[in-house]
Amino acid sequence: MKITKSDFGTTNTGENINIYHLENEAGAYVEILNFGCRLVKIVVPDRNGNSTDVCLGMDTMSAYENDDASLGAVVGRVANRIKDGHFTLNGKEYQLAVNCGTNHLHGGLVGYASKPWDAKVKDDKLILTMVSADGEEGYPGNLTLTVTYGWSEDNELSIVYEASADQDTLLNVTNHGYFNLNGEGSGDILSHELYIDADSVTELDDSQAPTGKLIPVDNTPFDFRVMHTIGKSYYSDYDQLHKFGTYDHNFVINGTGLREAAVLQSKESGIRMTCFTDQPGMQLYVASQPMKQPGKNGKIYDSRTSVCLETQHFPDAINHDNFPSIVLHPDAPFHSKTLYHFSTFSKEPHVPFVYIRLYFAITFLCAYFCTRFFRVLTCITLFFVLE
């Protein structure tokens, strides 16, 4: 694994920003900025061996500083929404900036996506660290967050989050990478196929904040437990989808610990991305508006040309006791891992392993009982013939 560093640009406050290039022996690589801890490129082979950049990004510091979509960034202190920007912690009420309709989004007016991070290379990892001061964006406590990026020889991007604070505070961080497996800027992603291991989603109110209720995905456009195209039910009149105009919902991932949460693939390119996480939720977001800033090589990233799979705790968790807690305590540092594994396939659909085992079990039982049936039928036939 080879990691190289080069200048990318200068912020409007005069800080130098670097871009880090992580490349494996096969020539697949990722590029990461220490501004917002952002993914800029993920270049992997398609089924024909052609290098394909599957991650949306931009070419200039100016574009990133004016970006309002958190393109490829680590977002926090609390990713996603907090209802009305208001919460109570240890009996004290806090009011945060309201920067998305009536809600607080992705850490506020100047979240982690808009800050320079300290960076260092250790062995084959890129380690980025930032300190968020007590009172920053209205949150209590001094918080230190470290994000470690790794890139493997078999094209797996690892993201490890570690955080600690000097008093009780909130933390819910994610990476806001935008993907198009046909190549960034290569048309819409509605033909991409998606599998999500989730039996329910968090219901949203009209402001797009959770109500606290979980909705079973059965017979809804949110049922991706059998892989199908994103576009299959995208224009459904189902209320929870229709009124927001796109997928922008938290899926309650089955199981605990590091496990397969989702699989995204394109039959056109033959590229498959498998997401593993130890987080309880994942936000499926199909960007429904064109990006305001030009993409790489001046490309225009139009609506529905990218999809995000953001591993996370549930939105507005601080205001719902039935959601997993996002309170970070000084004596319990936070640690989490998410993996995005890139591979290729011919044309076969992705079948979760549990279904493969079920198929063989049913096949065996059918063969066993059919064999017994035919033995009995043969004996009865011979009896009457010999009579």
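Scroll up a little and you will see the structure.
Residues numbered from 1 in each chain as written. Predicted model: local features only at pLDDT ≥ 70, side-chain atom pairs only at ≥ 80, totals over all residues. Heavy atoms only, no water.

Draft legend 1. Spatial organisation of the pattern of salt bridges. Under the definition given, this model contains 14 salt bridges. Here Arg225 ties to Asp199 by a salt bridge, and the two come within 3.1 Å at their closest N and O atoms. Of the two residues, Arg225 is situated in the loop between strand S19 (210–216) and strand S20 (228–229) and Asp199 in strand S18 (residues 198–204); the sequence distance between them amounts to 26 residues. Judged by relative accessible area, Asp199 falls into the partly exposed class, the value being 36%. Three or more residues joined by partner-sharing salt bridges are found here, namely Asp199, Asp218, Asp223 and Arg225. (Salt bridge = Lys/Arg side-chain N within 4 Å of Asp/Glu carboxyl O. Helix = DSSP H or I, 4+ residues; strand = E, 2+ residues; numbered from the N terminus. Buried < 20%, exposed > 50% of the residue type's maximum accessible area, 1.4 Å probe, protein only.)

Draft legend 2. Structural context of the pairing of strand S14 (residues 156–165). With respect to burial, S14 is a largely interior element, 7 of its 10 residues being buried. Sheet topology note: the strand S13 (residues 143–151)/S14 ladder contains 9 bridges and is antiparallel. Bridge assignment links Thr146 to a residue of S14, and that residue is Glu162. The hairpin turn running from S13 into S14, its antiparallel successor, is 4 residues long, and Asn155 in that turn takes a positive phi close to 65°. Two elements, S14 and strand S27 (residues 334–344), share 8 bridges in a ladder whose sense is antiparallel. By the bridge assignment, Ile159 is partnered in S27 with Thr338. (Pairing = 2+ DSSP bridges.)

Draft legend 3. Summary view of the sheet that holds strand S5 (residues 51–53). The strand order across the open sheet formed by 5 strands is S1-S2-S3-S4-S5, and the pairing between neighbours is antiparallel. The open sheet is flanked by strand S1 (2–10) and S5, the only strands paired with a single partner. When the angles between neighbouring strand axes are averaged without regard to direction, this sheet yields 20°. Alignment of S1 against strand S2 (residues 16–23), held across 8 bridges, turns out to be antiparallel. (Axes fitted to C-alpha atoms, helices over the stretch in contact; angles between N-to-C directions.)

Draft legend 4. Region of the structure containing the environment of Ile215. Topologically, Ile215 is positioned in strand S19. For Ile215, a relative accessible area of 10% puts it in the buried group. It is 8.4 Å that separates the C-alpha atoms of Ile215 and Asp199, two residues lying 16 residues apart in sequence.

Draft legend 5. Structural context of the side chain of Ser132. When you line up the elements, Ser132 lands in strand S12 (residues 125–132). A polar contact is formed between the side chain of Ser132 and the side chain of Arg77, at a distance of 2.8 Å. Contact partners of Ser132, with chain neighbours within four places excluded, come to Arg77, Tyr112, Gly141, Asn142 and Leu143. (Polar contact = N/O pair within 3.5 Å; in protein donor to acceptor, adjacent residues only side chain to side chain. Contact = heavy atoms within 4.5 Å.)

Draft legend 6. Focus on the nonpolar core. Residues Ile42, Leu145, Tyr149, Ile196 and Phe342 are the most contacted members of the largest nonpolar core, which totals 63 residues. Look past the residues within four positions of Phe342 in its chain and what remains in contact with it is Ile42, Val44, Val54, Trp151, Asp154, Asn155, Phe179, Leu181, Ile271, Arg272 and Met273. Formed by 19 residues, the second largest nonpolar core is a distinct cluster that contains Ile17, Ile19, Leu33 and Tyr301. (Core = buried A, V, L, I, M, F, W, Y, C linked by side-chain atoms within 4.5 Å.)

Draft legend 7. Structural detail: the packing of aromatic side chains. Going through the model one piece at a time under the given rule, you end up with 15 aromatic pairs. An angle of 75° between the planes, with centres 5.9 Å apart, marks the rings of Phe222 and Tyr247 as edge-to-face. In this pair, Phe222 is assigned in the loop between S19 and S20 and Tyr247 in the loop between helix H2 (239–242) and strand S21 (248–253), connecting sequence segments 25 residues apart. Pairing Tyr234 with Tyr235 gives two aromatic rings, centres 5.0 Å apart and planes at 85°, and the pair type is edge-to-face. The class for Tyr235 is exposed, based on a relative accessible area of 60%. Three or more aromatic residues joined by ring pairs form one cluster here, namely Phe222, Phe224, Tyr234, Tyr235, Tyr238, Tyr247 and Phe251. Between Arg47 and the ring centre of Phe345, over which it is positioned, the NZ or CZ distance is 5.6 Å. (Phe/Tyr/Trp six-rings, centres within 6.5 Å; stacked < 30°, edge-to-face > 60°. Lys NZ or Arg CZ within 6 Å of the ring centre and 35° of its normal.)

Draft legend 8. Highlighting the side chain of Asn24. Residue placement: Asn24 occurs in the loop between S2 and strand S3 (29–33). Polar contacts involving the side chain of Asn24 include one to the side chain of Asn155, which spans 2.8 Å. In this structure Asn24 touches Met1, Trp151, Ser152, Glu153 and Asn155, once residues within four positions along its chain are discounted.

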